[in-house]
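# Chains, contacts and geometry: an overview
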Amino acid sequence: VSDKKPVVMEVPVQLEGHSEGVRAGGKLSLSMRKLKVKAIYSNIPERLVINIDNLGLGKTLQVGELHFEGYLIVGLGNIGYEYENTRHNIGFRVLDALAKASNLVFTDGRYGATCELRLKGRVLVLLKPSTYMNLSGNAVRYWLQKENIPVENMLVVVDDLALPFGTLRLKPKGSDAGHNGLKH
C-alpha cells in the first residue's frame, strides 16, 4: 500500500450517544454497518464514530450529512529567514515537527501555510500564518470560518517569555498576557 495513492477500504460504523427518538419510544435501525472510504491509507480511521444524540423520532441520518469534527492548531511565528531559529518562532517549529512526523507537507494558501492531519476520525488543520505575529488574528479568523471550526476547537502554540526556556504550559483559556500574537 502506497501512502501517495488513495485506497478504498470498508470502515466500521460505531454509533455513540442516545437518540432522542429512542428515548421517546422509537427504535433505531442501522442499515450500514460499514462505509467505503477512499483516502490515503494512513488517513483512514479504524472506525467512524457517529454521535446520534440529536437524532429525533422518525428522522434519518444520511451519509452525505455526516460532519467530522475539525480542529485548528495554529503555530505562531514570524515569516522570514531572520526569525527562523528564534524563540518567537516556536509555534512554526512545533507544527513543522508534527507535520514531518506525520509525513505531511504544508501548502501555501491564503493567510498562511496549512496541511491536514487526520487522527482517529478527526481532522486537524495545522496553520502557520503568513501574516506577522501581530496580525495573526486575521489568519486565524479566516481559517476558523473557512473550515467551520468552533473557537473552542483551536489550539495556539506560542512562545511565552514569562516561562523558563523549555517549559510548556497548556491553558484552556485566559488572557493574552500582553502577547501581541494572541491579542490580535
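My aim in this report is to walk through the structure given alongside it, one point at a time. Along every chain, residues carry numbers that run from 1 in the direction the sequence is written. The predicted nature of this model means local features are confined to residues of pLDDT at least 70 and side-chain atom pairs, given and counted, to a pLDDT of 80 or more, with totals for whole chains, interfaces and linings taken over all residues. Computation of side-chain values covers all heavy atoms of the structure but excludes hydrogens and water.

### Quick notes on the environment of L126
Definition in use: Secondary structure follows DSSP: runs of H or I at least 4 residues long count as helices, runs of E at least 2 residues long count as strands, and numbering of each begins at the N terminus. In what follows, residue pairs with any heavy atoms lying within 4.5 Å of each other are defined as contacts.
When you line up the elements, L126 lands in strand 7 (residues 122-129). Taking the C-alpha atoms as reference, L126 lies 7.6 Å from G75; in sequence the two are 51 residues apart. Look past the residues within four positions of L126 in its chain and what remains in contact with it is I73, L95, L98, A99, F106, A113, T114 and C115.

### What about helix 3 (residues 136-146)?
For clarity, the cut-off: Only protein chains enter the calculation, and the probe is 1.4 Å; a residue is then buried if its accessible area is under 20% of its type maximum, exposed if over 50%, and partly exposed in between. By arc we mean the arc of the directions from the helix axis to the C-beta atoms, nothing more.
Along helix 3, the positions that sit buried rather than exposed are S136, G137, A139, V140, W143 and L144. Buried residues of helix 3, viewed axially, fall in a sector of 160°; they line one side. Remark: N148 follows helix 3 within two positions and exhibits a positive phi of approximately 55°.

### Section: the side chain of N89
Note the following rule: Under this definition, polar contacts are N or O atom pairs within 3.5 Å; protein pairs additionally need one hydrogen-donor-capable and one acceptor-capable atom, and for neighbouring residues in sequence, both atoms have to be side-chain atoms.
Structurally, N89 can be placed in the loop between strand 4 (70-75) and helix 2 (90-101). Residue classification places N89 among the buried residues on the basis of a relative accessible area of 3%. A polar side-chain atom of N89 sits 2.6 Å from the main-chain amide nitrogen of N78.

### A short note on the sheet that holds strand 5 (residues 107-109)
Put simply, the rule reads: Two strands are counted as paired when DSSP detects at least two bridges linking them. A fitted line through C-alpha atoms represents every axis, and for helices the fit uses only the stretch in contact; the resulting angles, taken between N-to-C directions, go from 0 to 180 degrees.
Reading across the sheet, the 5 strands line up as 5-6-7-4-8 and stay open at both edges, with mixed pairing between neighbours. Since the sheet does not close on itself, it has two edges, and those belong to strand 5 and strand 8 (154-157), each with one partner. Direction aside, the axes of adjacent strands within the sheet are offset by 30° on average. Strand contacts of helix 2: strand 4, strand 6 (112-119), strand 7 and strand 8, with the helix running at about 140° to strand 7, the strand carrying the most contacts. This element, helix 3, spans strand 4, strand 6, strand 7 and strand 8 of the sheet and lies at about 155° to strand 7.

### Considerations on the packing of aromatic side chains
Put simply, the rule reads: Pairing of aromatic side chains requires ring centres within 6.5 Å, counting the rings of Phe and Tyr and the six-membered ring of Trp. Pairs whose planes differ by under 30 degrees are stacked, by over 60 edge-to-face, and all others tilted. In this analysis the charged atom, NZ for Lys or CZ for Arg, is taken to sit over a ring once it is within 6 Å of the ring centre and within 35 degrees of the ring normal.
Tallying each qualifying case throughout the model produces 3 aromatic pairs. With a centroid separation of 6.3 Å and 70° between ring planes, the pair formed by Y83 and Y132 is classed as edge-to-face. With a gap of 49 residues between them, Y83 in the loop between strand 4 and helix 2 and Y132 in the loop between strand 7 and helix 3 connect regions that are remote in the sequence. Looking at Y83, the relative accessible area reads 28%, which means it is partly exposed. Each ring, one from Y142 and one from W143, has its centre 5.4 Å from the other, and the planes form 90°; the classification is edge-to-face. Residue classification places Y142 among the partly exposed residues on the basis of a relative accessible area of 22%. An aromatic cluster is built from Y111, Y142 and W143, whose rings are joined through pairwise contacts. The positively charged end of K128 is found above the aromatic ring belonging to F92, 5.8 Å away from the centroid. When the ring centre of F106 is taken as origin, the NZ or CZ atom of K128, which lies over that ring, is 4.4 Å away.

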